[in-house]
Amino acid sequence: MSGHMNLTLKVWRQKNTQTPGKFVTYKAENISPDMSFLEMLDVVNESLTRKNEEPIYFDHDCREGICGSCSLYINGHPHGPKRAITTCQLHMRSFSDGETITIEPWRSAAFPIVKDLATDRSAFDRIQQAGGYVSVNTGGVPDANIIPIPKVIADEAFNSATCIGCGACVAACKNASAMLFTSAKITQLGLLPQGQTERYSRVQAMVAQMDQEGFGNCTNTGACEAECPKEITLNNIAFMNNDFFSAKLFREEHAHDHTGGE
């Protein structure tokens, strides 16, 4: 695409959690198709600032698809129309000149709106803090070959660990379920030798925290997998469910025992 684009933006504006929000229409003019979506919003905000109007509030940090903070719901899709990318990796050439773009925050009771397009996703932090770690002493750093791990297991653990906690899975799910995120954090440790000692206390603690945060149940539609920018698979949810039910049947006494006793 050559030349520049003129777009219409319908942006959700909301002062805070307690204040009702609404869509406000803005013009984005002379936008280069090579701009990222966030760069386009920067241009719009510069225009608003020159007019002494309040700029659009949105989260961003690395702008490299790593941190997950640039979470926007764009034209009905988390992170926009392209698959396996974050909002900061979405370029304006993905849209057409003259197009109307609707931009919203994540919609979930567990992700209250801070302002405009930014939401409070600290619920994910609390789920992670409930058990997404290895607290037992695993010794020093061993030689890579001392603990043999089958490649298929190592690959699956690595794939699960690529979750950046952006919340696209929650935004995509009609029940605002956090099971894909939670299961990825459980699976990445539960597959590895170092994570076995606390495996069953971990899954019960993290699932309990997920429920306490107010996330909904899994809908089994696969929308979370389809919209995940890191392509985390539903296999993680199956792994989590298997460990959760195994813990309930055989190891429930360790549900709140973070010493990970067996």
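Residues numbered from 1 in each chain as written. Predicted model: local features only at pLDDT ≥ 70, side-chain atom pairs only at ≥ 80, totals over all residues. Heavy atoms only, no water.

For the protein chain, an unreviewed UniProt entry supplies the name Succinate dehydrogenase/fumarate reductase iron-sulfur subunit and the organism Mucilaginibacter lutimaris. Per UniProt, the protein chain carries the Sequence similarities (unreviewed entry) text "Belongs to the succinate dehydrogenase/fumarate reductase iron-sulfur protein family." (UniProt positions renumbered as here; feature names shortened; annotations may be inferred.)

Caption draft 1: Highlighting the overall build of the protein chain. Looking only at helices and strands, the protein chain features 8 helices and 7 strands. Structurally, the protein chain occupies a C-alpha span of about 65 × 40 × 35 Å along its principal axes. Sorting the 262 residues of the protein chain into buried and exposed places 47% on the buried side. Taking all contacts inside the protein chain whose residues are at least 6 apart in sequence as the whole, residues at least 24 apart take part in 71%. For the protein chain, the accessible area works out to roughly 13,100 Å², and carbon and sulfur atoms hold 49% of it. If the 23 positive side-chain charges of the protein chain are averaged to one point and the 30 negative ones to another, these points end up 6 Å apart. (Helix = DSSP H or I, 4+ residues; strand = E, 2+ residues; numbered from the N terminus. Buried < 20%, exposed > 50% of the residue type's maximum accessible area, 1.4 Å probe, protein only. Contact = heavy atoms within 4.5 Å. Areas by Shrake-Rupley, 256 points an atom, 1.4 Å probe, with all protein chains shown as cover. Lys, Arg positive; Asp, Glu negative; His and termini not counted. Charge placed at Lys NZ, Arg CZ, Asp CG, Glu CD.)

Caption draft 2: Representation of the sheet that holds strand β1 (residues 5-13) in the model. Reading across the sheet, the 5 strands line up as β2-β1-β5-β3-β4 and stay open at both edges, with mixed pairing between neighbours. The open sheet is flanked by β2 (22-31) and β4 (77-78), the only strands paired with a single partner. With 4 bridges joining them, β1 and strand β5 (residues 100-104) adopt parallel strand pairing. Paired with Thr8 across the bridge in β5 is Thr100. Relative to β2, helix α1 (residues 37-50) is tilted by about 100 degrees, and along the sheet it contacts β1, β2, β3 (73-74) and β5. (Pairing = 2+ DSSP bridges. Axes fitted to C-alpha atoms, helices over the stretch in contact; angles between N-to-C directions.)

Caption draft 3: Seen up close, unusual backbone geometry. Of note, the phi angle at His79 is positive, near 70 degrees, even though the residue is not glycine. Judged by relative accessible area, His79 falls into the buried class, the value being 0%. A positive phi angle, near 60 degrees, is found at Asn220, a position not held by glycine. One can find Asn220 in the loop between α6 (199-212) and α7 (223-227).

Caption draft 4: Expanded view of the pattern of salt bridges. Here the structure, examined in full by the defined rule, presents 9 salt bridges. The residue Arg126 makes a salt bridge to Glu213 at a minimum N-O spacing of 2.7 Å. Pair noted here: Arg126 is in helix α2 (residues 122-131) and Glu213 is in the loop between α6 and α7, with a separation of 87 residues, a long-range link. (Salt bridge = Lys/Arg side-chain N within 4 Å of Asp/Glu carboxyl O.)

Caption draft 5: Geometry of the nonpolar core. One finds Phe124, Val170 and Phe215 to be the most contacted residues of the largest nonpolar core, which totals 37 residues. Those elements that place two or more of their residues in this core are α2, α4 (168-172), α5 (179-190), α6 and α8 (235-250). Those residues in contact with Val170 that sit more than four places away from it in its chain are Ser108, Phe111, Phe124, Ala176, Ser177, Ala178 and Phe215. (Core = buried A, V, L, I, M, F, W, Y, C linked by side-chain atoms within 4.5 Å.)

Caption draft 6: Broad picture of a nonpolar patch on the surface. On the surface, a nonpolar cluster with roughly 240 Å² of combined accessible area is contributed by Ile146, Ile147 and Ile149. Considering the arrangement of structural elements, one finds Ile146 in the loop between α2 and α3 (151-161). (Patch = residues over 30% accessible without salt bridge, like charges linked within 9 Å, V, L, I, M, F, W, Y side chains within 5 Å.)

Caption draft 7: Inspection of α1 at higher detail. Taking 1.5 Å of rise per residue, the 14 residues of α1 would be expected to cover 20 Å, and the 20 Å separating its terminal C-alpha atoms lies within 8% of that figure. Considered for burial, the residues of α1 that qualify are Phe37, Leu38, Met40, Leu41, Val44, Asn45 and Leu48. Angular distribution of buried residues about the axis of α1 spans 150 degrees; they occupy a single face of the element. Considering only its buried residues, α1 is in contact with β1, β2, β3 and β5. One or two residues past the end of α1 sits Asn52, with phi positive at roughly 60 degrees. (Expected span 1.5 Å × (residues − 1). Arc of directions from axis to C-beta.)

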